[in-house]
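Each chain is listed here by its residues.
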Amino acid sequence: MCGIIGVTGARDACARLVAGLELLEYRGYDSAGVAVCDRVSGDLFRARVAEHGGSVERLSGRVADAPEDPGAAIGHTRWATHGRPTEENAHPHLDCTGRIALVHNGIIENHRELAAGLDGRGHKRTSQTDSEVLVHLVEESAAAGASLTESVRRCLSVVRGDFAIAVVSAAEPEVIVAARRTSPLIVGVAASVGIVASDVAAALATTRELYALGEDEVATVRPGTVEVAALDGSRVSPRRVEVSWSVQRALKGGYPDFMSKEIHEQPQAVRDTLLGRVDASGRTEIEELAIPDEELASVERVQLLACGSSYHAALAARQAVERWARLPAEADVASEFRHRSAVVGPRTLAVAVSQSGETVDSLHAMREASRAGARVVALTNVVDSVMAREADGIMYTRAGPEIGVASTKSHLAQLALLDLLALHLGRVRGAISGEELAEAAGALLSLHEAVETAVGRGDAYRAVAERFAHVEDVYFLGRRSGLPVAYEGALKLKELAYVRAEAYPAGEMKHGPISLVEPGVLVVVVATRTTLWEKVMANVEEMRARGATVLAVADDGDEETERLVDAVLPVPHVAEACSAVVNVVPLQFLAYTVARARGNDVDRPRNLAKVVTVE
Ligand code: F6R
């Protein structure tokens with residue numbers, strides 16, 4: 001999940017690297033580094049810093065010593081997998097001569113075997129990373145007279161695992177060689193500049209002429225030109241990336257942090273995601289889906305695959321598919337799905353849900369479903385992401401770039417789009433009446449207004465949340481539509497505030513966990529008015545009887561709920577079927593407030609990375 005940037009042909013290459021790394025920091029922020037070819041001396045400059053959350057900032061001071069006439073330059077921001085987050089493990093890694101530098105994102109599965117061979121041949125490795133073997137392998141071919149591009153190709157032919165790499169050599173000071181397998185990488189050109197980046201946001205300030213590298217493709221990037229070839233050396237025409245985002249959308253725009261900005265962008269994310277895809281009569285259209293209605297109508301099962309917050313959206317979607325499409329549906333954690341004997345066949349529609357479109361667990365689960373014969377749809381926020389490219393059909397959320405590590409606007413957009421998919425399936429299968437369809441469409445179309453109202457109450461939610469800033473032990477409870485919301489609320493509190501929080505179906509507490517409830521425990525319950533409200537409140541009584549403090553997400557003006565709990569987070573009432581989209585908003589503010597009160601960095605919580613490209 002590390003971030004990669006490379007620039008060649010620019011006098012201000014170092015400034016561009018640092019600016020790119022700042023935008024990529026959300027992918028990992030344990031350490032950062034750059035390597036720059038010096039066109040005058042023919043040497044290679046390297047600087048690395050390992051400081052949690054502050055690496056790129058400190059690195060920007062260190063590049064003051066970089067060559068004044070830079071050639072090819074590469075940078076990296078790391079999320080540690082193999083080897084602790086120290087300076088010696090930070091990228092770029094150098095070969096034994098100090099004249100070749102390499103940055104890597106991914107995992108080299110056979111690194112131990114490769115390292116043993118390299119050690120036996122006299123190489124001196126200086127890090128505990130899996131990545132370093134790559135630069136020594138490149139060194140061996142280069143020493144035998146191969147070009148940098150050929151050396152990289154030979155190196156990759158013996159490597160097992162996932163990678164995106166960028167390599168520079170003092171011997172070819174204007175060239176960056178970039179390659180990928182599974183982990184994403186794009187290359188681009190502008191006038192006399194060439195660029196490499198692990199995502200579009202980091203490249204946009206330089207150019208919009210960007211190309212996505214395919215599996216096992218190797219690019220040779222020079223000032224103003226890019227050549228792409230397969231591992232066997234045969235030329236490949238690179239595929240242009242359509243860029244609809246502006247650089248500004250990836251900046252904080254006056255908010256104290258990306259999370260606040262992204263929470264406030266939620267109404268727009270929901271509105272944009274549904275725009276033109278459903279009308280008030282219930283006519284649905286999902287343009288990139290590319291699976292004909294007749295085929296969708298013959299689907300017998302829906303299998304949702306995802307991780308983290310995306311999995312919570314999938315849990316909500318399972319209910320929507322059952323309700324509107326009357327199809328059996330399952331939601332699986334992607335990392336588990338591929339290792340169980342799931343029964344998936346040609347009449348299964350597998351929907352892989354992923355903000356980044358790169359989460360390796362989700363990608364592998366999607367491939368597994370496809371191998372088993374399912375039709376596979378990627379529901380993602382990133383255009384041209386790896387999952388989007390491999391799936392049979394695509395559904396894009398239109399949330400714009402999400403930089404804060406914790407999902408917010410992308411999660412709401414996923415919920416809305418999955419509701420739309422369930423409606424669409426219901427319509428093409430004839431499983432839903434015209435009246436129900438129009439009613440559901442109406443609810444979806446006004447959803448962004450309810451989200452806007454909820455987001456507009458941020459200060460009020462924060463004031464309530466501050467009363468609970470000291471909590472250490474929290475249960476999040478919900479039933480039916482409230483359960484995925486409870487899961488998401490607990491995840492947000494855990495990942496941002498570092499508070500132990502567990503989510504449970506409210507009715508399940510009495511089967512065990514209730515023995516942990518005592519004074520001092522906070523119970524957060526989704527208690528909006530559904531047909532299950534009375535049952536939820538009976539569960540609340542059970543918690544209160546054991547001394548728990550209860551905070552409820554409740555409908556506006558619901559005085560009865562207010563009387564039965566200790567505090568409420570009021571939300572505008574919407575149809576239960578799409579209520580998760582609104583009800584999760586106050587829980588985002590809860591986590592944000594508790595995290596800030598504890599001095600945590602909400603955009604870059606400890607141990608996490610935005611894009612998880614390891615299994
Ligand atoms: C939590 C969060 C993660 C992601 C998960 C999947 O706030 O952001 O749990 O939801 O890592 O990521 P994507 O959706 O990119 O596959």
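Below is a short write-up of the structure. Since the model is a prediction, treat every value here as computed from it, not as a measurement.

## Let's talk about the overall build of the protein
Then step 1. Across its full length, the protein carries 21 helices and 25 strands.
Then step 2. The C-alpha radius of gyration computed for the protein amounts to 25 Å, which stays within 12% of the reference 25 Å derived for 615 residues, consistent with globular compactness.
Then step 3. Taking all 615 residues of the protein together, 62% fall into the buried category.
Then step 4. Considering only contacts within the protein whose residues lie at least 6 apart along the sequence, 73% involve residues at least 24 apart.

## Let's talk about the sheet that holds strand 10 (residues 193–197)
Then step 1. An order of 3-2-4-1-10-9-11-15 is seen for the eight strands of this open sheet, with the pairing classed as antiparallel. A strand with exactly one partner marks an edge of an open sheet, and here the two such strands are strand 3 (44–49) and strand 15 (239–240).
Then step 2. Strand direction decides the pairing type here: strand 9 (residues 186–190) and strand 11 (residues 210–212), joined by three bridges, are antiparallel. Of the residues in strand 11, the one forming a bridge with glycine 188 is leucine 210.
Then step 3. Along the sheet, helix 1 (residues 13–24) contacts strand 1 (3–8), strand 2 (31–38), strand 4 (70–78) and strand 10; its crossing angle with strand 1, the most-contacted strand, is approximately 160°.
Then step 4. Packing of helix 2 (residues 55–62) onto the sheet brings it into contact with strand 2, strand 3 and strand 4, and relative to strand 3 it is tilted by some 145°.

## Thoughts on the pairing of strand 10
The side chains of a regular strand alternate, residue by residue, between the two faces of the sheet.
Then step 1. Within strand 10, five of the five residues are buried, leaving the element largely enclosed by the surrounding structure.
Then step 2. Of the two faces of strand 10, the one carrying Val193, Ile195 and Ala197 and the one carrying Gly194 and Val196 are both buried.
Then step 3. Alignment of strand 1 against strand 10, held across four bridges, turns out to be antiparallel. Residue pairing for strand 10: isoleucine 5 is matched across the bridge by alanine 197.
Then step 4. Of the strand pairs in this sheet, strand 9 and strand 10 are connected by five bridges, and their pairing is antiparallel. Residue pairing across strands places glycine 188 opposite isoleucine 195, the latter belonging to strand 10.

## What to know about the side chain of histidine 123
Then step 1. As for its placement among the helices and strands, histidine 123 is situated in the loop between helix 3 (111–120) and helix 4 (132–143).
Then step 2. In this view, histidine 123 contacts Cys96, Leu118, His136, Glu139 and Glu140; residues no more than four positions away in its chain are not counted.

## Overview of the sheet that holds strand 24 (residues 549–555)
Strand pairing in a sheet is mediated by backbone hydrogen bonds. Such pairs are either parallel or antiparallel.
Then step 1. Spatial strand order, 22-21-23-24-25: five strands in an open sheet with parallel pairing. Where the open sheet ends on each side, the last strands, each with one partner, are strand 22 (500–505) and strand 25 (567–571). If you compare each strand with its neighbour and ignore which way they point, the axes differ by 20° on average.
Then step 2. On the sheet, helix 19 (residues 533–545) packs against strand 21 (473–478), strand 23 (522–526) and strand 24 and is oriented at approximately 175° with respect to strand 23.
Then step 3. Its contacts with the sheet place helix 21 (residues 580–597) against strand 21, strand 23, strand 24 and strand 25, and it is angled at close to 130° to strand 25.

## Quick look at the packing of helix 14 (residues 409–429) against helix 15 (residues 434–445)
Then step 1. The contact between helix 14 and helix 15 brings their axes to 11 Å, and the two run at 165°. Comparing their axes, helix 15 and helix 14 come out roughly antiparallel. The interaxial crossing formed by helix 14 with helix 15 has left-handed handedness. Within the contact between the two elements, helix 14 uses Ala416, Asp419, Leu420, Leu423 and Arg427 and helix 15 uses Leu437, Ala440, Ala441 and Leu444.
Then step 2. Its residues placed into classes, the contact of helix 14 with helix 15 shows seven nonpolar, no polar and two charged.

## Focus: the pattern of salt bridges
It is possible for side chains of opposite charge to pair when their charged atoms get near one another.
Then step 1. This structure, assessed with the given rule, holds 38 salt bridges.
Then step 2. Across the pair arginine 180 and glutamate 215 runs a salt bridge whose closest N-O atoms are separated by 2.9 Å. Here the residue arginine 180 occupies a position in strand 8 (residues 176–181), and glutamate 215 occupies one in the loop between strand 11 and strand 12 (217–222), the gap between them amounting to 35 residues.
Then step 3. The residue aspartate 566 makes a salt bridge to arginine 544 at a minimum N-O spacing of 3.2 Å. Of this pair, aspartate 566 sits in the loop between helix 20 (559–564) and strand 25 while arginine 544 sits in helix 19, and the two are 22 residues apart along the sequence.
Then step 4. In this structure aspartate 566 comes out as partly exposed when scored by relative accessible area, which is 37%.
Then step 5. Classification of arginine 544 as partly exposed rests on a relative accessible area of 31%.
Then step 6. Residues joined by salt bridges that share partners form a network here, namely Arg11, Arg39, Asp69 and Glu174.

## Section: the nonpolar core
Then step 1. If you look at the biggest cluster of nonpolar residues, it comprises 94 residues, and the most contacted ones within it are Val302 and Phe476.
Then step 2. Examining the composition of this core, we find that 12 residues originate from one element, helix 21, more than from any other.
Then step 3. Among the domains, domain 2 (253–445) and domain 3 (457–606) are the pair contributing at least three residues each to this core.
Then step 4. Ignoring anything within four residues of it in the chain, the contact list for phenylalanine 476 reads Ala486, Gly489, Ala490, Leu493, Ala501, Glu502, Ala503, Tyr504, Val524, Leu587 and Leu590.
Then step 5. Grouped together as the second largest cluster of nonpolar side chains are 32 residues, Ala13, Leu24, Ala73 and Ala203 included.

## What to know about the pairing of strand 16 (residues 301–306)
Then step 1. Most of strand 16 is tucked away: six of the six residues are buried.
Then step 2. Neither face of strand 16 is exposed, since Arg301, Gln303 and Leu305 on one face and Val302, Leu304 and Ala306 on the opposite face are all buried.
Then step 3. As paired elements, strand 16 and strand 17 (residues 329–333) share five bridges and run parallel to each other. Among the inter-strand pairings, glutamine 303 is bridged to a residue of strand 17, identified as glutamate 330.
Then step 4. The β-α-β motif built from strand 16, the intervening helix 10 (residues 308–325) and the parallel element strand 17 has right-handed crossover chirality.

Reading guide: rules and limits
Residues numbered from 1 in each chain as written. Predicted model: local features only at pLDDT ≥ 70, side-chain atom pairs only at ≥ 80, totals over all residues. Heavy atoms only, no water. Helix = DSSP H or I, 4+ residues; strand = E, 2+ residues; numbered from the N terminus. Rg over C-alpha atoms; globule rule 2.2 N^0.38 Å. Buried < 20%, exposed > 50% of the residue type's maximum accessible area, 1.4 Å probe, protein only. Contact = heavy atoms within 4.5 Å. Pairing = 2+ DSSP bridges. Axes fitted to C-alpha atoms, helices over the stretch in contact; angles between N-to-C directions. Parallel < 35°, antiparallel > 145°, perpendicular 65-115°, else oblique. Left-handed = near helix turned anticlockwise from the far one by under 90°. Nonpolar A, V, L, I, M, F, W, Y, C, P; charged D, E, K, R; others polar. Salt bridge = Lys/Arg side-chain N within 4 Å of Asp/Glu carboxyl O. Core = buried A, V, L, I, M, F, W, Y, C linked by side-chain atoms within 4.5 Å. Domains from an automatic or database assignment. Right-handed = clockwise from strand over helix to strand, strands pointing away.

Function cannot be read off these values alone, since they describe shape.
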